Amino acid sequence: LSLWTMQVMLEKKTEADDTLDDVIFLYRAIPGRSEGSFAYHCAAAANVPRAVIDRAVQVSRLRDAGEPVHAMDRSEADAAS
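Cut-offs used in this document
Residues numbered from 1 in each chain as written. Predicted model: local features only at pLDDT ≥ 70, side-chain atom pairs only at ≥ 80, totals over all residues. Heavy atoms only, no water. Helix = DSSP H or I, 4+ residues; strand = E, 2+ residues; numbered from the N terminus. Buried < 20%, exposed > 50% of the residue type's maximum accessible area, 1.4 Å probe, protein only. Contact = heavy atoms within 4.5 Å. Areas by Shrake-Rupley, 256 points an atom, 1.4 Å probe, with all protein chains shown as cover. Polar contact = N/O pair within 3.5 Å; in protein donor to acceptor, adjacent residues only side chain to side chain. Patch = residues over 30% accessible without salt bridge, like charges linked within 9 Å, V, L, I, M, F, W, Y side chains within 5 Å. Salt bridge = Lys/Arg side-chain N within 4 Å of Asp/Glu carboxyl O.

(A) Spotlight on the overall build of the chain. Per the secondary structure count, the chain includes three helices and two strands. When its helices and strands are written in sequence order, the chain yields β-β-α-α-α. Within the chain, the fraction of its 81 residues that count as buried is 14%. When contacts within the chain are restricted to residue pairs at least 6 apart in sequence, long-range pairs at least 24 apart make up 31% of them. For the chain, the exposed surface amounts to about 6,600 Å²; the carbon and sulfur share of it is 54%.

(B) Highlighting the environment of S37. By the element assignment, S37 lies in the loop between β2 (22-31) and α1 (39-45). For S37, a relative accessible area of 54% gives the class exposed. A polar side-chain atom of S37 sits 3.2 Å from the main-chain amide nitrogen of A39.

(C) Structural view of a nonpolar patch on the surface. A cluster of nonpolar residues, M9, I24 and L26, forms a patch on the protein surface that exposes about 260 Å² of accessible area. By the secondary structure assignment, M9 is in strand β1 (residues 4-11). Overall, the relative accessible area of 45% leaves M9 in the partly exposed class.

(D) Region of the structure containing unusual backbone geometry. Even without being glycine, Y27 reaches a positive phi, approximately 55°. Classification of Y27 by relative accessible area gives exposed; the value is 67%. A positive phi angle is found at N47, which is not glycine, with a value near 60°. A residue is classified by how much of its surface remains accessible, and N47, at 66% relative accessible area, is exposed.

Written as structure tokens, this is what we have:
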């Protein structure tokens, strides 16, 4: 059993820039593990609303930091859309 991933080319943004990195999927399988999830990029390409993607990024960062994730209340959800 071995791990393979799709090769991608990343254009890194600066730490001050909170937007997503640009990702180019090269459609070539290479041995190894992925650098991370590119689900946000797939969602953006599928025209998922930006507010949904922003919330997913926020939840992901909280989970990575080991911090609790709380549900948004209705007023927060309405303000984000």
